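Given next are the chains, with one letter for each unit.
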Amino acid sequence: MTSVDSASIPVRFDTKVVVVLREDLLPWQELNVTAFLMSGVATNEPGLTGEPYRDGDGITYLPMLRQPVVVMSADAAMLAAARERAVRRELPLAIYTAELFASGHDEANRAAVAAVPTAQLDLVGVALRGPKNVVDRIVKGARMHA
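This is a predicted model, so every value here is computed, not measured. (Residues numbered from 1 in each chain as written. Predicted model: local features only at pLDDT ≥ 70, side-chain atom pairs only at ≥ 80, totals over all residues. Heavy atoms only, no water.)

Moving on, we come to the environment of Ala94. Mapped onto the elements, Ala94 comes out in strand S5 (residues 93–97). Judged by relative accessible area, Ala94 falls into the buried class, the value being 15%. Aside from chain neighbours lying at most four places away, what touches Ala94 is Leu37, Gly125, Val126 and Ala127. (Helix = DSSP H or I, 4+ residues; strand = E, 2+ residues; numbered from the N terminus. Buried < 20%, exposed > 50% of the residue type's maximum accessible area, 1.4 Å probe, protein only. Contact = heavy atoms within 4.5 Å.)

See below:
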């Protein structure tokens, strides 16, 4: 009888996590937007994060998301279309607008978004998690981030 190491068996997820960044962002903005958007996905529902990590000496580290994250890029029109598709399908969505680069904390961030009508949101990134086929349709037109 052969023993199989469970760590070597690929895991197939029914869901997909995607971050789509506007293609004209500076590198520091890409990192900032991705971090903020992923905090929205990770806190959206219980069970999305795994167990804490422990090194060989027993030091404990924070848990991370249980599945891979795909990072893509697109133009502003595609980001707006993805936002609309996600809302239409009632799929939870995190957004990051250009105004948030100038705000300094959560309350100011929420106020900055609330001050702009939906059609005028200057999206620089969106993140979502949902059934693979639905997420793929929502982000259709985006390409893998280079």
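And the narrative resumes.
Here the focus is the side chain of Asn109. Relative to the assigned elements, Asn109 resides in helix H3 (residues 106–114). Residue classification places Asn109 among the buried positions, given a relative accessible area of 12%. Asn109 has contacts with Phe36, Leu100 and Ser103, leaving out every residue within four places of it along the chain.

Below, the discussion takes up the pattern of salt bridges. Per the counting criterion, the structure on display carries eight salt bridges. Notably, a salt bridge pairs Glu84 with Arg88, separated by 3.7 Å at the nearest N-O pair. Taken together, the positions of Glu84 and Arg88, both in helix H2 (residues 76–88) and four residues apart, correspond to about one turn of that helix. Judged by its relative accessible area of 54%, Arg88 is exposed. Where salt bridges share partners, they join Arg22, Asp24 and Asp122 into one cluster. (Salt bridge = Lys/Arg side-chain N within 4 Å of Asp/Glu carboxyl O.)

As enumerated under the stated definition, the model contains three aromatic pairs in all. Between Trp28 and Phe101, the aromatic rings sit 5.5 Å apart at their centres with planes inclined by 65°, giving edge-to-face as the arrangement. A residue pair is termed long-range when its members are at least 10 positions apart, and Trp28 in helix H1 (residues 27–42) and Phe101 in the loop between S5 and H3 qualify at 73 residues. Centre to centre, the rings of Tyr96 and Phe101 are 5.3 Å apart; their planes meet at 50°, and the pair counts as tilted. Looking at Tyr96, the relative accessible area reads 4%, which means it is buried. For Phe101, a relative accessible area of 24% corresponds to the partly exposed category. Taken together, Trp28, Phe36, Tyr96 and Phe101 form an aromatic cluster joined through their ring pairs. (Phe/Tyr/Trp six-rings, centres within 6.5 Å; stacked < 30°, edge-to-face > 60°.)

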